[in-house]
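Residue-level listing of the chains:
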Amino acid sequence: MADQQQPPATQQPGPQGPPGYPGYNQQPQPGMQGQPQVGYAQPQPGYGQPQQPYGQPQYGQPQYGQPPQGQYVQGGPGMPMQGAPMGMPPQGMVYNQGGMPPQQQGMPMQGAPQQQQWMQKPQSIPGCPPGLEYLTQVDQLLVHQQVELLEAMTGWETKNKYQVKNSLGQQVYFAQEESDACMRQCCGPQRGFTMHITDNIGNEVISVQREFKCCAGVNCCAGSDCCAMEVEVQAPQGETVGYIKQQQSCLAPCYVVQNTNRDTILEITGPVCIIQGPCCQQDQDFDVSTADNKENKVGKISKQWSGLVREYFTDADNFGVNFPMDLDVKMKATLLGAVFLIDFMFFEQKQNNNNRNF
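Residues numbered from 1 in each chain as written. Predicted model: local features only at pLDDT ≥ 70, side-chain atom pairs only at ≥ 80, totals over all residues. Heavy atoms only, no water.

Within the protein, the regular secondary structure consists of four helices and 14 strands. Relative to its 358 residues, the protein shows a buried fraction of 42%. The contacts in the protein between residues at least 6 apart in sequence include a share of 48% that link residues at least 24 apart. Element-wise, carbon and sulfur atoms account for 52% of the exposed surface of the protein, whose accessible area totals about 19,800 Å². (Helix = DSSP H or I, 4+ residues; strand = E, 2+ residues; numbered from the N terminus. Buried < 20%, exposed > 50% of the residue type's maximum accessible area, 1.4 Å probe, protein only. Contact = heavy atoms within 4.5 Å. Areas by Shrake-Rupley, 256 points an atom, 1.4 Å probe, with all protein chains shown as cover.)

Next comes the structure, spelled out in structure tokens:
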């Protein structure tokens, strides 16, 4: 009938969703007609905030692959990203080792490797070769050879790479060997090489060169130039600043440090017996003394024990070189070149304890 009252339409269930969204149906429980449960009147925190679209950096952080200002991400220790010089981040920047994404300032990621610090470049000094200003502020350098996994697993001799740091652990230089692949496999540590040493902006500041000499390097035969090992140190490349030359000796290895005019400035004397192993873990010290008095020691070059596994299964070595703070920077650079000569002569092969007396 027309006068008959129509029953109210049944409310259709709305779209389901979390509390606080439009259209959410609140069903009263039996015994609580019209009384919603406590807490349903207010949306839960975060439900009313729209999410940021994918691909946009959140909270002001840069996207992965774009290092934030003040950081430099590289794929491994001493190895830069593509497009940057080998081992050389821009001046004043810090990079993360191991290829880890950049981490938020003041919030280090758990398990992330420690950031490598770079020594700030000093102001230019009149009369000082460019790039050697770093050496005016240090009296000690630490030289760490990088482990080459390909070489350790296969025995294929690869080019040596070194990090040169100061006593605070800040990287000062990066050194990389240039040599012929065939000579590396056939001649081993006797090979000729050029060690390119670059600063923290990728400029080559020191070059250490050694010519190949067949059957050279034996202490007792080093009286002849053709049988004596020698390196020439240039800073910058093309301008010689010094030489390291092996001297004839019966037991302890001996070298002279010469300036551009071939005048002997310093002498280096090594230990009589060069042995390192599980029972002989002490450092192998090569003492640096003045040319006129061997008893007047002014510094030393030390081959440091690197651990049983590293010593026996790789040829990666650690060295330290000490010298007077007021020593001429050209002689400091020449002593750094002596580290590479000593490494190749005595410690380049695995388990190499070579006295070279005979």
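With that out of the way, let us pick up the nonpolar core. Of all hydrophobic cores here, the largest spans 52 residues; its most connected members are Tyr173 and Ile206. If one sorts the elements of this core by residue count, helix H4 (residues 329-347) sits on top with 14 residues. (Core = buried A, V, L, I, M, F, W, Y, C linked by side-chain atoms within 4.5 Å.)

The next thing to look at is the side chain of Gln171. Structurally, Gln171 can be placed in strand S5 (residues 171-178). A distance of 2.7 Å separates a polar atom in the side chain of Gln171 from a polar atom in the side chain of Gln163. (Polar contact = N/O pair within 3.5 Å; in protein donor to acceptor, adjacent residues only side chain to side chain.)

Before going further, it helps to examine the sheet that holds strand S12 (residues 284-290). Sheets are built from strands paired through backbone hydrogen bonds, the pairs being either parallel or antiparallel. The 12 strands are arranged S3-S4-S5-S6-S7-S8-S9-S10-S11-S12-S13-S14 in a closed barrel whose pairing can be described as antiparallel. Averaged over all pairs of adjacent strands, the angle between strand axes in this sheet comes to 20°, irrespective of strand direction. Here five bridges tie strand S3 (residues 140-145) to strand S14 (residues 318-322), and the two strands are oriented antiparallel to one another. Bridge pairing in S14 places Gln140 opposite Asn322. Its contacts with the sheet place H4 against S3, strand S4 (161-165), S5, strand S6 (193-198), strand S7 (204-210), strand S8 (230-234), strand S9 (240-247), strand S10 (254-258), strand S11 (264-269), S12, strand S13 (293-304) and S14, and it is angled at close to 35° to S9. (Pairing = 2+ DSSP bridges. Axes fitted to C-alpha atoms, helices over the stretch in contact; angles between N-to-C directions.)

Moving on: the confidence of the model for the protein. In the predicted model, the protein carries a mean pLDDT of 75, and the fraction of residues at 70 or more is 61%. Low pLDDT (under 50) marks residues 36-41, which in the prediction has five contacts with non-local residues, meaning those over four places away or in another chain. When the criterion is pLDDT under 50, residues 89-109 qualifies, and its contacts beyond four places in sequence or with other chains add up to 67 contacts. (pLDDT = per-residue confidence, 0-100.)

Turning to the pattern of salt bridges, a few remarks are in order. Scanning the model with the defined rule gives nine salt bridges in all. Of the charged contacts, one joins Lys300 and Asp285 as a salt bridge, the two residues approaching to 3.9 Å between their closest N and O atoms. Remark: Asp285 occurs in strand S12 and Lys300 occurs in strand S13; sequence separation between them is 15 residues. Lys300 sits in the partly exposed class, given a relative accessible area of 30%. Given a relative accessible area of 27%, Asp285 falls into the partly exposed group. In this structure, Asp317 and Lys303 form a salt bridge, with 3.9 Å as the shortest nitrogen-oxygen distance. Of the two residues, Asp317 sits in the loop between helix H3 (308-313) and S14 while Lys303 sits in strand S13, which places them 14 residues apart along the sequence. Comparing Asp317 with Lys303 shows no difference in burial state: the two are buried. Among the ionic contacts, a cluster of salt bridges with common partners joins Glu157, Glu177, Arg191 and Glu348. (Salt bridge = Lys/Arg side-chain N within 4 Å of Asp/Glu carboxyl O.)

Of all five residues in S10, five are buried; the element is thus mostly enclosed. Of the two faces of S10, the one holding Cys254, Val256 and Gln258 and the one holding Tyr255 and Val257 are both buried throughout. Across five bridges, the pairing between S10 and S11 is antiparallel. The residue of S11 that forms the bridge with Val256 is Glu267. Taking the residues between adjacent antiparallel strands as the criterion, S10 and S11 are bridged by five residues, where Arg262 takes a positive phi near 70°.

For any pair of aromatic rings, geometry is given as the distance between the ring centres together with the angle between the planes. One pass over the full model with this rule turns up six aromatic pairs. Their ring planes at 75° and their centres at 5.5 Å tell us that Tyr134 and Tyr173 sit as a pair that is edge-to-face. Of this pair, Tyr134 sits in the loop between strand S2 (94-96) and S3 while Tyr173 sits in strand S5; the two residues are 39 residues apart in sequence, bridging distant segments of the chain. Overall, Tyr134 belongs to the buried group, its relative accessible area being 0%. Note on Tyr173: relative accessible area 0%, which makes it buried. Across from the ring centre of Tyr243, 3.6 Å away, lies the NZ or CZ of Arg262, which sits over that ring. (Phe/Tyr/Trp six-rings, centres within 6.5 Å; stacked < 30°, edge-to-face > 60°. Lys NZ or Arg CZ within 6 Å of the ring centre and 35° of its normal.)

To continue, consider the pairing of S3. Pairing between S3 and S4: four bridges, direction antiparallel. Along S4, the bridge assignment pairs Gln145 with Tyr162.

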